[in-house]
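# Close look at the chain arrangement
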Amino acid sequence: MADQDKPISLPDRLRRVLIGKPIPTSKAHHERLGPFIGLPVFSSDALSSVAYATEAILGILVFVGAHALGLTIPITLAICGLIVIIAISYQQTIHAYPSGGGSYIVASENLGKWPGLIAGAALLVDYILTVSVSVAAGIAAITSAFPHLHKYLVLMSLIAVAGVAWANLRGVRESGAVFAVPTYGFIIGILTMLAFGFAHAFSSGPVTHLLPLADPKQLGSEANAFLLFVVLRAFAAGCTALTGIEAVSNGVQAFRAPESKNASITLRWMVFLLVVMFLGIGLLAGHLPQLNLLPTADPHYRTVVSQLAAYAFGFQSFGYYFVQFATAAILILAANTAFADFPRLASLIARDGFLPRPLARQGDRLVFHNGILVLAILAGVLIAAFHGELDLLLPLYAVGVFTAFTLSQAGMVVHWWKLKGAGWRYSITVNAVGAVLSLLVFLIIAGTKFMEGAWIVVLMVPAIVFVFNSINKRYQNISSQLVMTNEESEVHHDHLALLLVPRVHRGIATALDYAQNMKGGVRAIHVVVNEKTVPVVRRDWDKFGRDVPLVVLSSPYRSLIAPVMDYVDELREEAPDRMITVIVAEAVATKPVHKMLQENVALSLKNALYSRKNVVIASVRYFLE
């Protein structure tokens, strides 16, 4: 019978309705992506960061005073330069590792086990934060337009996480198609907003609220030190714009052939759009006649993008609401980058024996469904713990990703040094610069954000590495226990089959056939629950039992399980190395309502005898019409 003609159970029907029909492995190449769909799948995190990165910079500088807001543009330019350098570095990684060159693989292969585990742990943490921060920022965009929804912040965030997880469970190509519209809608909305905004700014004349900075010579040493610290904090806050850049290199195998070329094209388009939008928002923010920077917990909070859209199109205009909804959509769906890469990275780490092996299993929709579910749960817990507030989540962000950046680029330096192929000096220089800059940014972020919450990530990464190592030790221990020697392969243990006989019928006869086809002895066991039935069972067994001995076990407390357990333990004491198979004849009904009338003794026995060594429970089914 063909698979499509087989009857489908109710749970399978519901599953197919929710996440779609199973996809055969032979169709895997059809699920791969081109640059057009690859951009929203792997770039939504990086592109959406422009919605809050500039705001994060301004939110730090405003504490110094209005005159310090003039530093927004130099800081933005510095971050844009960093984006380009890191992107060039990762483009080299894509071509050097066409099978997927994430930080975990590059660091593991070139720097060793521990740097690889640190990179993997840092990225896993960053992906969890990506989901939490992206969704929190997206919901913040909605509450900016509709402030009365602020009280439902956590509920709306959890619903959004569940929705993105559901889309990913349906498969890579389907999730890409779902996310393409909001991603390209956001790009069009932001670029149009920048065009209208600059046209408005040039026609309105110069803005006066961004005052020139004071001459550093007029400031004291303490004021200079404080200003430097604030600038570094603002730079660290703005570096959230770089999160997601590594996603394309992690998912090279998700692209159509030639994989490296399509991944590289996607990365270049992502960086170009990211720099244009990030720089444009930073420049336009300087032309706002009045810039309000309130904490996200304030019911009157409005994002910087919301204020820019109102400046460009007019408040409550079509253009304003289009930008708000497009921003909210891409921020929420930016979590898809993490849902695309977290399960893939977790599967690689699990394959190497540092995470539970179920995370390495690909589901029938050709996605790593266990990893998707784990990510959704962890991100949901984080959102609930921080009450869905973006201000509380942002300080945790970017620490992990720059840890991974540093180790990945350092690994590429070692890779080029070992290879020394054509053009290796250029390649090693690019990656060395990327490694040094990434390390400096990591130190700045960790130092300036440490007391704001970055300490949580700094402690979490080594804790996760410890868990990795513990899991790996357990798997190694299991492997060492299961190694066979030549002597052990030649040992044959005695075997005894025990057939449970509550009464004699056709199903018992089928189970008896199975028992007699096994090597070793066979005994039938009848547990006395009702003394009146014993003579009938003995009579029928003498007639149909084929000379197999019947052992009658008393049960003072009318238990079916306890007497069998005691008898099995007695047999194990007699011969500890003997294999014992307890056979249960189990009826199978075709209608669900009939299943309620039957007792599952096999399952109860399996649970009861689970810890007994050399004991097997076998269920021989017979079918009832």
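Bear in mind that the values here come from a model prediction, so they are computed numbers and not experimental data. (Residues numbered from 1 in each chain as written. Predicted model: local features only at pLDDT ≥ 70, side-chain atom pairs only at ≥ 80, totals over all residues. Heavy atoms only, no water.)

### Side note on the overall build of the protein chain
Helix and strand content of the protein chain: 25 helices and 5 strands. Excluding contacts between residues fewer than 6 apart, the proportion of contacts in the protein chain whose partners are at least 24 apart in sequence is 80%. Carbon and sulfur atoms make up 64% of the accessible area of the protein chain, which amounts to about 29,900 Å² in all. (Helix = DSSP H or I, 4+ residues; strand = E, 2+ residues; numbered from the N terminus. Contact = heavy atoms within 4.5 Å. Areas by Shrake-Rupley, 256 points an atom, 1.4 Å probe, with all protein chains shown as cover.)

### Some details on the sheet that holds strand E5 (residues 615–624)
One open sheet accounts for 5 strands, arranged E3-E2-E1-E4-E5; its pairing is parallel. Edge positions in the sheet fall to strand E3 (550–554) and E5, since each has one partner strand and no second. Taken over all neighbouring pairs, the strand axes of this sheet differ in orientation by 30° on average, direction set aside. As defined by bridge partners, strand E4 (residues 579–589) adjoins E5 across 10 bridges and the pair is classed as parallel. Its bridge partner being in E5, Ala589 is matched across the sheet by Leu624. (Pairing = 2+ DSSP bridges. Axes fitted to C-alpha atoms, helices over the stretch in contact; angles between N-to-C directions.)

### Some points on helix H23 (residues 561–574)
With 14 residues, H23 extends 20 Å from end C-alpha to end C-alpha; this agrees with the ideal 20 Å at 1.5 Å per step. Looking at H23, one finds that the buried residues are Ile561, Pro563, Val564, Met565, Tyr567, Val568 and Leu571. Looking at the buried residues of H23, the elements they touch are strand E1 (495–500), strand E2 (521–528), E3, E4, helix H25 (601–608) and E5. (Expected span 1.5 Å × (residues − 1). Buried < 20%, exposed > 50% of the residue type's maximum accessible area, 1.4 Å probe, protein only.)

### Section: the environment of Leu499
With respect to the helices, strands and loops of the structure, Leu499 is situated in strand E1. For the pair Leu499 and Val551, spaced 52 residues apart in sequence, the C-alpha separation works out to 9.9 Å.

### Quick word on the side chain of Asp126
When you line up the elements, Asp126 lands in helix H6 (residues 113–145). The residues contacting Asp126, other than those within four sequence positions of it, are Thr243, Glu246, Tyr397, Ala398, Gly400 and Val401.

### Quick look at the packing of helix H2 (residues 35–48) against helix H3 (residues 50–61)
Taken N-terminus to C-terminus, the directions of H2 and H3 make an angle of 25°; their axes are 5 Å apart at the nearest point. Between H2 and H3, the interaxial angle falls into the category roughly parallel. Contacts between H2 and H3 involve Asp45, Ala46, Leu47 and Ser48 from the first element and Val50, Ala51 and Tyr52 from the second. Considered class by class, the residues forming the contact of H2 with H3 number 5 nonpolar, 1 polar and 1 charged. (Parallel < 35°, antiparallel > 145°, perpendicular 65-115°, else oblique. Nonpolar A, V, L, I, M, F, W, Y, C, P; charged D, E, K, R; others polar.)

### Some thoughts on helix H17 (residues 399–419)
The terminal C-alpha atoms of H17, which comprises 21 residues, lie 31 Å apart, in line with the 30 Å expected from a rise of 1.5 Å per residue. Burial runs high along H17: 15 of the 21 residues are buried. A positive phi of about 50° marks Lys420, the residue just after H17.

### Here's the deal with the packing of helix H5 (residues 103–111) against H6
Closest axis-to-axis distance for the H5/H6 pair is 7 Å, and the angle between their directions is 170°. Considering the angle they form, H5 stands roughly antiparallel to H6. For the pair H5 and H6, the contacting residues are Ser103, Tyr104, Ala107, Ser108 and Leu111 in the first and Pro115, Gly116, Leu117, Ala119, Gly120 and Leu123 in the second. Of the residues contributing to the contact of H5 with H6, the split by class is 7 nonpolar, 4 polar and no charged.

### Some remarks on the pairing of E2
The element E2 is extensively covered by neighbouring structure, given that 6 of its 8 residues are classed as buried. Here 5 bridges tie E1 to E2, and the two strands are oriented parallel to one another. Counted as the bridge partner of Leu498 is Arg523 from E2. With helix H21 (residues 506–516) bridging E1 and the parallel E2, this β-α-β connection has right-handed handedness. Pairing analysis gives 5 bridges linking E2 to E3, with the strands arranged parallel. (Right-handed = clockwise from strand over helix to strand, strands pointing away.)

### Quick look at the nonpolar core
Core analysis: the biggest nonpolar cluster contains 150 residues, and Ile79, Ile83, Leu242, Phe339 and Phe402 have the highest contact counts within it. Counting residues per element, this core draws most heavily on H6, at 18 residues. Ignoring sequence-local partners within four residues, the contact set of Phe402 consists of Leu82, Cys239, Leu242, Ser438, Val441, Phe442 and Ile445. Counting residues in hydrophobic clusters, the runner-up holds 22 residues, among them Leu553, Val564, Ile580 and Val582. (Core = buried A, V, L, I, M, F, W, Y, C linked by side-chain atoms within 4.5 Å.)

### Describing the packing of aromatic side chains
One pass over the full model with this rule turns up 14 aromatic pairs. Judged by centre distance (6.1 Å) and plane angle (25°), the rings of Phe198 and Phe202 are stacked. One end of the pair is Phe198 and the other is Phe202, both in helix H8 (residues 172–204) and 4 residues apart, which spans about a single turn. Assessed through its relative accessible area of 17%, Phe198 is described here as buried. Within the aromatic cluster, the residues linked to one another by ring pairs are Phe146, Phe315, Tyr320, Tyr321 and Phe325. Its guanidinium or amino end placed over the ring of Tyr475, Arg357 lies 3.8 Å from that ring's centre, counting from NZ or CZ. (Phe/Tyr/Trp six-rings, centres within 6.5 Å; stacked < 30°, edge-to-face > 60°. Lys NZ or Arg CZ within 6 Å of the ring centre and 35° of its normal.)

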